[in-house]
Amino acid sequence: MLPILAAYCLALLLVGAFASRSVRRAEDFFVAGRSLPPTLIFSTFLAANLGAGSTVGAAEFGYTSGLPAWWWVGSAGIGSVVLAFLVGPRLHRVAKARGLYTVGDYLELRYGRTTRLVVAAILLVGAPAILAGQIIAAGLVLQAAVGLPKSLGTALAGTLATAYFAMGGLRSASWVNSLQVAVKAVGFLVAVPWMIAASGGWTEVAAAAADDTALSLGGAGFGDTAQLVLLLAPAFVVSPGLVQKLFGARDEHAVRVGVGLQAAALLAYAVLPVLLGMAARVHFPELADPDSALVKLFTEVAPLWLGALMLAAILSAEVSSADAVLFMIATSLSRDVLEPLSRGKLSDRERLALARRSALGAGALSILLANWFQSILSALSFFYSLLTLTLFVPLVAGLFWRRPGQSVALAAIAASLGAAGLAMLAGGAAEGWLPPIPVGILAGAVVYIARAAIGRRASAP
């Protein structure tokens, strides 16, 4: 199995190196020269969204909770629909007209430099967590496949993603992602029916479920499902790692078609890792670490050929999602934080070099952080919460309401984070009546509207 995985990793590096040959300007690195067609938008978005959470994490959720785990990836599909047809085309129009590279560029254009720096600082605190989550999952794959220690596996996976991304940025990543998506599609479409049959068919899989709620998408009730959707879906509308990818689309049509088809693919795919997690429960009913369910299924139950194919698919998922997060961190660090320190004195070549150095530094940091989190889901949940609370209100509202300025955006961010923090301290998440994420979004929206209205009255003659 080691030669197969080694050859596959080498292929990813070669594709990345080939694509990077055309990267000569900062625009090529940041937004692929704004030339990506619908096919590459589809593949680079799908590759980014099929990561640790939607493979190893979704299978873990399926193992413990059954079919309600569909909403983990399904929520990403719901958010992607909103991005494809409502938010994305508007953002692309602004980015192309104003030459924007990052979400930070948009925030400075819309609200001012202070907002840009505040948001960048918050995200740079949280983003390494999700990058660490991706490479934790990749490390688990390498540990299971070839017996590498987890720390060495995470280091190798992190190095792989960092290497091909640092070579060519979004242009390299979009081409590498196409290969990764193809491997994932073949792997999961072959593995699910085979593993269900090998587990005794659906009857045996259903019988092994923890309880009756595991056999219905509704699970324990509407409240739990709604909380999960509200936690995850908004993050897939405003995530800089996704928004900045659509800045690379050649036109708004490519955004609608590419991101829209990707949303449909996510909604269909969402059940596949869940079924694999449920199948794993037939073979391993008392796993101490449920996050190992998917990997154990393909190393201990599947035949060698299927195990190798699926481990390559899972490794693809983790590495492709890692490069999307690395894209977000590196571009934000270089463009939003470090570049302003030069006071506009960087040449285009120096800007490109700074972005590459930022990618290398972010990759190294994520490898160090990978052992800090106890599970993949805990790392991802932390990041999605912080991302949503920081960006959702100012980014989306700013597209539809041009009057509010910087003070309004900063007040909304503070209100979202503060209200969510108070809800968590009150124990709302555990009780289900005061979920932090929707409480934070609502508080931010109320403050945004109120401050904007006060400012409007104050400026009236």
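Quick notes on the rules
Residues numbered from 1 in each chain as written. Predicted model: local features only at pLDDT ≥ 70, side-chain atom pairs only at ≥ 80, totals over all residues. Heavy atoms only, no water. Helix = DSSP H or I, 4+ residues; strand = E, 2+ residues; numbered from the N terminus. Rg over C-alpha atoms; globule rule 2.2 N^0.38 Å. Buried < 20%, exposed > 50% of the residue type's maximum accessible area, 1.4 Å probe, protein only. Contact = heavy atoms within 4.5 Å. Areas by Shrake-Rupley, 256 points an atom, 1.4 Å probe, with all protein chains shown as cover. Salt bridge = Lys/Arg side-chain N within 4 Å of Asp/Glu carboxyl O. Polar contact = N/O pair within 3.5 Å; in protein donor to acceptor, adjacent residues only side chain to side chain. Phe/Tyr/Trp six-rings, centres within 6.5 Å; stacked < 30°, edge-to-face > 60°. Lys NZ or Arg CZ within 6 Å of the ring centre and 35° of its normal. Expected span 1.5 Å × (residues − 1). 1 Å grid on protein atoms, 1.4 Å probe; cavity = no way out; pocket = protein on both sides within 12 Å on 5 of 7 lines; lining within 4 Å. Points joined across faces, edges and corners; volume = space filled by probe spheres on them. Nonpolar A, V, L, I, M, F, W, Y, C, P; charged D, E, K, R; others polar. Core = buried A, V, L, I, M, F, W, Y, C linked by side-chain atoms within 4.5 Å. Patch = residues over 30% accessible without salt bridge, like charges linked within 9 Å, V, L, I, M, F, W, Y side chains within 5 Å.

Participant: Would you mind going over the overall build of the protein with me for this structure?
Facilitator: A count of helices and strands for the protein gives 21 helices and zero strands. Taking 23 Å as the expected radius of gyration for a compact globule of 461 residues, we find that the protein reaches 22 Å, a close match to that expectation. Projected onto its principal axes, the C-alpha positions of the protein cover 75 × 55 × 40 Å. Buried positions account for 59% of the 461 residues belonging to the protein. A separation of at least 24 residues holds for 85% of the contacts in the protein among residues at least 6 apart in sequence. When the accessible surface of the protein is summed, it comes to about 17400 Å², and 66% of that surface belongs to carbon and sulfur atoms.

Participant: Mind showing me how you'd approach the pattern of salt bridges here?
Facilitator: Charged atoms that come close allow side chains of opposite charge to pair. All told, the structure shown has 15 salt bridges when counted by the stated rule. If you follow the salt bridges from partner to partner, you end up with D105, E108, R113, R116, R335, D336, E339, D348 and R351 in one network.

Participant: Is there a simple way to think about the side chain of S416 in this case?
Facilitator: Looking at where S416 falls in the secondary structure, it is placed in helix α19 (residues 406-425). Side-chain polar atoms of S416 contact the backbone oxygen of G440, separated by 3.0 Å. Setting aside residues no more than four positions away along its own chain, S416 makes contact with L389, V393, G440, I441 and G444.

Participant: What's the story with the packing of aromatic side chains in this structure? I'm lost.
Facilitator: A ring pair, where both rings are aromatic, is described by two values, the distance of the centres and the angle of the planes. As enumerated under the stated definition, the model contains eight aromatic pairs in all. Ring centres of F30 and Y101 lie 5.0 Å apart, and the angle between their planes is 15 degrees; this geometry places the pair in the stacked category. Taken together, the residues F30 in helix α2 (residues 26-31) and Y101 in the loop between α5 (70-98) and α6 (103-111) connect sequence positions 71 residues apart. The two residues F30 and Y101 agree in class, both being buried. Three or more aromatic residues joined by ring pairs make a cluster, and in this case those are F29, F30, Y101, F165 and F327. In this arrangement the basic side chain of R281 is found over the ring face of Y63, its NZ or CZ atom lying 5.2 Å from the centre. Between the NZ or CZ atom of K296 and the centre of the ring of F284, over which it lies, the distance is 5.0 Å.

Participant: Would you mind showing me how to read helix α16 (residues 304-341) here?
Facilitator: Residues spaced three or four apart along an α-helix point in a common direction, a consequence of the helix completing one turn every 3.6 residues. For α16, which comprises 38 residues, the first-to-last C-alpha distance of 53 Å matches the rise-based estimate of 56 Å (1.5 Å per residue) to within 8%. Within α16, 30 of the 38 residues are buried, which leaves the element mostly enclosed by the surrounding structure. Among the residues trailing α16, R343 stands out with phi positive, at a value near 55 degrees.

Participant: When you look at the layout of surface pockets in this model, what are you seeing that I'm missing?
Facilitator: A water-sized probe rolled over the atoms picks out the places where empty space is left. The computed volume of the second largest pocket comes to approximately 330 Å³. What lines the second largest pocket is simply R90, R93, V94, A97, R98, Y106, L109, R110, G398, L399 and R402. Of all the secondary-structure elements, those providing two or more residues to the lining of the second largest pocket are α5, α6 and α18 (376-400). The greatest single-element share of the lining of the second largest pocket, amounting to five residues, is contributed by α5. Tallied by class, residues from the lining of the second largest pocket come to five nonpolar, one polar and five charged.

Participant: Got a minute to help me understand helix α17 (residues 348-369) in this structure?
Facilitator: In a regular helix each residue adds 1.5 Å, so 22 residues correspond to 32 Å; α17 covers 32 Å between its end C-alpha atoms and thus fits that length. Every buried residue belonging to α17 is among R351, L352, L354, A355, S358, A359, A362, G363, S366 and L369, and all of these are buried.

Participant: Honestly, unusual backbone geometry in this entry has me stumped. Any pointers?
Facilitator: The phi angle of most residues is negative, glycine excepted, and most peptide bonds adopt the trans form. Of note in this structure, A32 is not a glycine but carries a positive phi near 50 degrees. As for its placement among the helices and strands, A32 is situated in the loop between α2 and α3 (38-49). By relative accessible area, A32 is classed as buried at 0%. A positive phi angle, near 50 degrees, is found at R34, a position not held by glycine. Mapped onto the elements, R34 comes out in the loop between α2 and α3.

Participant: Is there a simple way to explain empty space enclosed by the protein in this structure?
Facilitator: Counting across every chain of the model gives four cavities of 30 Å³ or more. What the largest cavity holds in volume is close to 270 Å³. For the largest cavity, the lining is made up of 24 residues, of which A48, N49, F236, S321 and Y384 are closest to its centre. Elements supplying a minimum of two residues to the lining of the largest cavity: α3, α4 (53-65), α5, α7 (113-146), α11 (235-238), α12 (240-246), α16 and α18.

Participant: Hey, could you run me through the environment of V94 in this one?
Facilitator: Here V94 is to be found in helix α5. A relative accessible area of 25% places V94 in the partly exposed class. Aside from chain neighbours lying at most four places away, what touches V94 is L100, Y106 and L109.

Participant: Would you mind going over the nonpolar core with me for this structure?
Facilitator: Across soluble globular proteins, nonpolar side chains show a tendency to be buried alongside one another. Counting residues in hydrophobic clusters, the biggest one holds 146 residues, and the most contacted among them are L91, F298, L391 and L395. Look past the residues within four positions of L395 in its chain and what remains in contact with it is V87, L91, V103, Y106 and V238.

Participant: Mind showing me how you'd approach the side chain of N177 here?
Facilitator: In this fold, N177 is placed in helix α8 (residues 150-198). Polar side-chain contacts of N177 include one of 3.1 Å to the side chain of D323. Setting aside residues no more than four positions away along its own chain, N177 makes contact with S43, T44, A47, Y164, K245, S320 and D323.

Participant: Sorry if this is basic, but what is going on with a nonpolar patch on the surface here?
Facilitator: On the surface, V186, V190, W194 and W305 cluster together into a nonpolar patch covering about 360 Å² of accessible area. Considering each element in turn, the nonpolar patch owes the most residues, three residues, to α8. As for its position among the elements, V186 is in helix α8. Look at V186 and you get partly exposed, because its relative accessible area is 45%.

Participant: Please explain the environment of A353 as it appears in this structure.
Facilitator: Residue placement: A353 occurs in helix α17. A C-alpha to C-alpha distance of 26 Å links A353 and A370, two positions 17 residues apart in sequence.

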